[in-house]
Amino acid sequence: MSNFLAPDYKSLVPYTPGEQLNYKVIKLNTNESPFPPSPKVKEAINGELIDSLRLYSDPEVKHLRKAIADEFGLEAENVFVGNGSDDVLAFSIMGFCGRGGEMCCPDISYGFYPVYADIFGVNLEEIPLEADLSIDAKKYCNKGKTVVIANPNAPTGLALDPDEIEMIIASNQNNVVIIDEAYMDFCKTSCVALVKKYKNLLVCRTFSKSHSLAGMRVGYGLANKELIDDLNRLKFSFNPYNMNSVAIAAASAAIADNEYYGRNTDKIIEIREKTKERLSEIGFEGTDSKSNFLFEKHKTVPAETLYNELRKRGILVRYFSKPRISDRLRITVGSQSDMDALVSALEEIIKELS
Ligand code: PMP
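Residues numbered from 1 in each chain as written. Predicted model: local features only at pLDDT ≥ 70, side-chain atom pairs only at ≥ 80, totals over all residues. Heavy atoms only, no water.

(A) The arrangement of the overall build of the protein chain in detail. A tally of regular secondary structure across the protein chain gives eleven helices and 13 strands. Taken over the C-alpha trace, the protein chain has a radius of gyration of 20 Å; the compact-globule value for 354 residues is 20 Å, and the two agree within 12%. Overall, the protein chain is about 60 × 50 × 50 Å in size when its C-alpha atoms are taken along their principal axes. Per-residue burial for the protein chain yields a buried fraction of 53% across its 354 residues. Taking all contacts inside the protein chain whose residues are at least 6 apart in sequence as the whole, residues at least 24 apart take part in 71%. (Helix = DSSP H or I, 4+ residues; strand = E, 2+ residues; numbered from the N terminus. Rg over C-alpha atoms; globule rule 2.2 N^0.38 Å. Buried < 20%, exposed > 50% of the residue type's maximum accessible area, 1.4 Å probe, protein only. Contact = heavy atoms within 4.5 Å.)

Put into structure tokens, the structure is as follows:
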């Protein structure tokens, strides 16, 4: 750390992203899609687009906002687009909590929520998950502060029912409720329809998971026009060109091919369920994940040992050395052949160690 970093930021503990290695591994550590982007994306980011890069990108992201709105039966004024949903979450926590403001989220959830609370000077209440790692929706009612919930939650994969989500939104109408639906395409119980009903709901979504565009960095928020105007006020005061032209073109092409992504999502759900079954046959027990990852513990071999042994064999999964979840691995659902390799490696490791 230099002597020049402002004291406000000296104690920050940054978010730790999953490793991105530059050699070939079976990569099941950051919940990316095993499928390539739609061929329409490849077409869209070729050729003519390159010439247009001398111009600034559209700061209002009009075309993509309209395309996203159409997909959800909303208007473009209900859509905010960000550089990944991390960007949307950052603007939202900054704007709706404010320095010295208050927010709550589950104690075991997406690791960026506490980091954003910290950098924006927000007081964070972390509400413990239940013993079975589920969220008790009642604990998020009438909070009198901004509520942030990932649904399905990460890394547990567990989802709340739509009526539990509505109960939380309805009981917190003086505060914004941010529902992070990064993994919702794998669960299919979105609360987006409630955007028309509640002025305090902001739904965050991403092209990084079901839409195979993690490297492109495109996420979006869906909400009532006033909340979207607030987010734009912040964005236009910070970085009006937060979306580059290539990302805008790629995401616009992607959303035009939802048939392709729908098929991929269904395959991932099918592979998830099959893999879960095979893991249970070799002594694992997992949560009922509704996401594109599994969250599993083995009855005899510690998760950290499994993580290290898999890594030696070129298979990367995610291990969190955090109380209450240090006995588990978070395993992204990859292609069928990735999962075959994973299960064989685990069988071998468990046999060796038993
Ligand atoms: N929310 C959750 C729950 C996530 O797991 C992630 C991915 N790490 C994100 C948001 C951010 O995704 P992105 O910025 O790639 O859209």
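(B) View of the side chain of lysine 276. When you line up the elements, lysine 276 lands in helix 9 (residues 258–281). Excluding its chain neighbours within four sequence positions, the residues that come into contact with lysine 276 are Gly286, Thr287, Asp288, Leu294 and Glu296.

(C) Highlighting the site of the ligand. Around the ligand, the structure places Gly84, Ser85, Asp86, Tyr110, Asp180, Ala182, Tyr183, Thr206, Ser208, Lys209 and Arg217. In the environment of the ligand, an oxygen atom lies 3.1 Å from a nitrogen or oxygen atom belonging to the backbone of aspartate 86. Taken together, the residues of the shell around the ligand sort by class into three nonpolar, four polar and four charged. (Near = heavy atom within 4 Å. Polar contact = N/O pair within 3.5 Å; in protein donor to acceptor, adjacent residues only side chain to side chain. Nonpolar A, V, L, I, M, F, W, Y, C, P; charged D, E, K, R; others polar.)

(D) Examining the packing of helix 3 (residues 62–72) against helix 8 (residues 245–255) more closely. In the contact formed by helix 3 and helix 8, the axes pass within 9 Å of each other and the chain directions differ by 25 degrees. Considered as vectors, helix 3 and helix 8 are oriented roughly parallel to each other. As helix 3 runs across helix 8, the sense of the crossing is left-handed. Counted together, His63, Leu64, Ala67, Ile68 and Glu71 of helix 3 and Ile248, Ala251, Ser252 and Ile255 of helix 8 form the full contact between these two elements. (Axes fitted to C-alpha atoms, helices over the stretch in contact; angles between N-to-C directions. Parallel < 35°, antiparallel > 145°, perpendicular 65-115°, else oblique. Left-handed = near helix turned anticlockwise from the far one by under 90°.)

(E) Quick peek at helix 3. Taken together, the buried positions of helix 3 are occupied by Leu64, Arg65, Ala67, Ile68 and Ala69. Tucked inside the fold, the buried residues of helix 3 contact strand 2 (79–82), strand 8 (219–223), helix 7 (225–235) and helix 8. Count one or two residues on from helix 3 and you reach glycine 73, which has phi positive near 65 degrees.

(F) Structural detail: a nonpolar patch on the surface. Taken together, Met1, Leu5, Tyr9 and Ile119 make up a surface patch of nonpolar side chains, about 380 Å² in accessible area. With respect to the helices, strands and loops of the structure, isoleucine 119 is situated in helix 5 (residues 112–119). Take isoleucine 119: its relative accessible area is 30%, and that puts it in the partly exposed class. (Patch = residues over 30% accessible without salt bridge, like charges linked within 9 Å, V, L, I, M, F, W, Y side chains within 5 Å. Areas by Shrake-Rupley, 256 points an atom, 1.4 Å probe, with all protein chains shown as cover. Salt bridge = Lys/Arg side-chain N within 4 Å of Asp/Glu carboxyl O.)

(G) Up close: unusual backbone geometry. In this structure, proline 152 follows asparagine 151 across a cis peptide bond, with omega equal to -5 degrees. Residue placement: proline 152 occurs in the loop between strand 5 (146–150) and helix 6 (162–170). That bond from alanine 154 to proline 155 is cis: its omega, 5 degrees, falls within 30 degrees of zero. Relative to the helices and strands, proline 155 is located in the loop between strand 5 and helix 6. The backbone of asparagine 142 sits at a positive phi, close to 50 degrees, despite the residue not being glycine. Here asparagine 142 is to be found in the loop between strand 4 (123–127) and strand 5.

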